[in-house]
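What follows is the residue order along each chain.
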Amino acid sequence: MTTQHWRGFIVCQLLGLGLLASWLFPATRVLWDAIDKTVFYTLNGSLNPAPSLWGEFWAILNFRPMDLLPLIAIAPLFLVPDLIIPRSQRATACIQVALILLAMLVIRVIVKEITEALEWRAYSPTRTLQPAYFLSELYPNWNPKDASSSSFPGDHSAVLMIITSFLLLQRFNRWSIYVLAVFFLFVTPRMVAGAHWFTDVAVGGSLIATQSMAYGYFTPRPKQWAEKLANRWLPQGWR
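Basis of the calculations
Residues numbered from 1 in each chain as written. Predicted model: local features only at pLDDT ≥ 70, side-chain atom pairs only at ≥ 80, totals over all residues. Heavy atoms only, no water. Helix = DSSP H or I, 4+ residues; strand = E, 2+ residues; numbered from the N terminus. pLDDT = per-residue confidence, 0-100. Phe/Tyr/Trp six-rings, centres within 6.5 Å; stacked < 30°, edge-to-face > 60°. Buried < 20%, exposed > 50% of the residue type's maximum accessible area, 1.4 Å probe, protein only. Patch = residues over 30% accessible without salt bridge, like charges linked within 9 Å, V, L, I, M, F, W, Y side chains within 5 Å. Areas by Shrake-Rupley, 256 points an atom, 1.4 Å probe, with all protein chains shown as cover. Salt bridge = Lys/Arg side-chain N within 4 Å of Asp/Glu carboxyl O.

Peer 1: Explain unusual backbone geometry to me, please; I cannot follow it from the model alone.
Peer 2: Negative phi is the rule for most residues except glycine; trans is the rule for most peptide bonds. Residues asparagine 48 and proline 49 are joined by a peptide bond in cis, for which omega reads 5°. Among the secondary structure elements, proline 49 is positioned in the loop between helix H2 (26-45) and helix H3 (53-61). That bond from alanine 50 to proline 51 is cis: its omega, 0°, falls within 30 degrees of zero. Here proline 51 lies in the loop between H2 and H3. Here glutamate 119, not a glycine, exhibits a phi torsion of approximately 55°, which is positive. One can find glutamate 119 in the loop between helix H5 (90-118) and helix H6 (135-138). You will see that asparagine 143, though not glycine, has its phi angle at about 45°, which is positive. Tracing the chain through its elements places asparagine 143 in the loop between H6 and helix H7 (155-170).

Given below as structure tokens:
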């Protein structure tokens, strides 16, 4: 691997595992728990009084099919040449992201198994803290997700982190601000609904995302495989 690969790989490992260690270590876990409660009571508490346009907005974003919306919003940045990704690298970038997300599925299963075996966390804040405002009760027509019996880690947020970080590593320009805005908008709904703790996202999601990027972006093989697949299967205009 190149020096850049090694540096990125090490940074990903230190960031992901460092956040996890700080969450598991009793002295710093107290701080994380305090942040979790503050974020939950602030975001979920904003749903009262209800009904309101504010609550309806978050109910819609927690409707499960809406999980595809951020991917639709970001797709043009992969497909339209030179917004962030150069025309000659579009195919390779799309395939490499797909490979990183495949790696993420494997890593997610491993982290989930460890989480359940070691009983790191089970229930979401709406099933743990009071008072809690349930979007499913306030806006039943949307059938929003607002509770979980296995909330850690936040895999939805991990997907957004991977795609966002991949694009930011390609090039930082005015479209990068748009990518960050999409990320923050769509990583927030589950925390407003109380289906996830802040640390499910900041620690669990980051753990999965950093490990996926470490092996899928900062090792040379995935990009080499992506280039071979692009050259073999895609038309000349996409290479």
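Next comes the rest of the description.
Peer 1: How do you make sense of the confidence of the model for the protein when you look at a structure like this?
Peer 2: Low pLDDT means the predicted coordinates in that region are not meant to be read closely. Taken as a whole, the protein shows an average pLDDT of 92; of its residues, 96% reach a score of 70 or greater. Here helix H11 (residues 220-233) is the element of the protein with the lowest mean pLDDT, 84, and H2 is the one with the highest, 97.

Peer 1: What is the right way to look at the packing of aromatic side chains in this model?
Peer 2: For any pair of aromatic rings, the description rests on two quantities: the centre-to-centre distance and the angle between the ring planes. In the structure shown here, the tally under the stated rule is 14 aromatic pairs. When the centroid spacing of 6.3 Å and the interplanar angle of 80° are considered together, the rings of tryptophan 120 and phenylalanine 152 count as edge-to-face. Of this pair, tryptophan 120 sits in the loop between H5 and H6 while phenylalanine 152 is found in the loop between H6 and H7, placing the two residues 32 residues apart along the sequence. A single burial state applies to tryptophan 120 and to phenylalanine 152, both of which are buried. Every member of this aromatic cluster is reached through a ring pair, and the members are Phe78, Phe166, Tyr217 and Phe218.

Peer 1: Help me out: how do you make sense of a nonpolar patch on the surface in this one?
Peer 2: Where nonpolar side chains cluster on the molecular surface, the patch consists of Leu68, Leu69, Leu71 and Ile72 and spans about 360 Å² of accessible area. Within the element layout of this structure, isoleucine 72 appears in helix H4 (residues 69-79).

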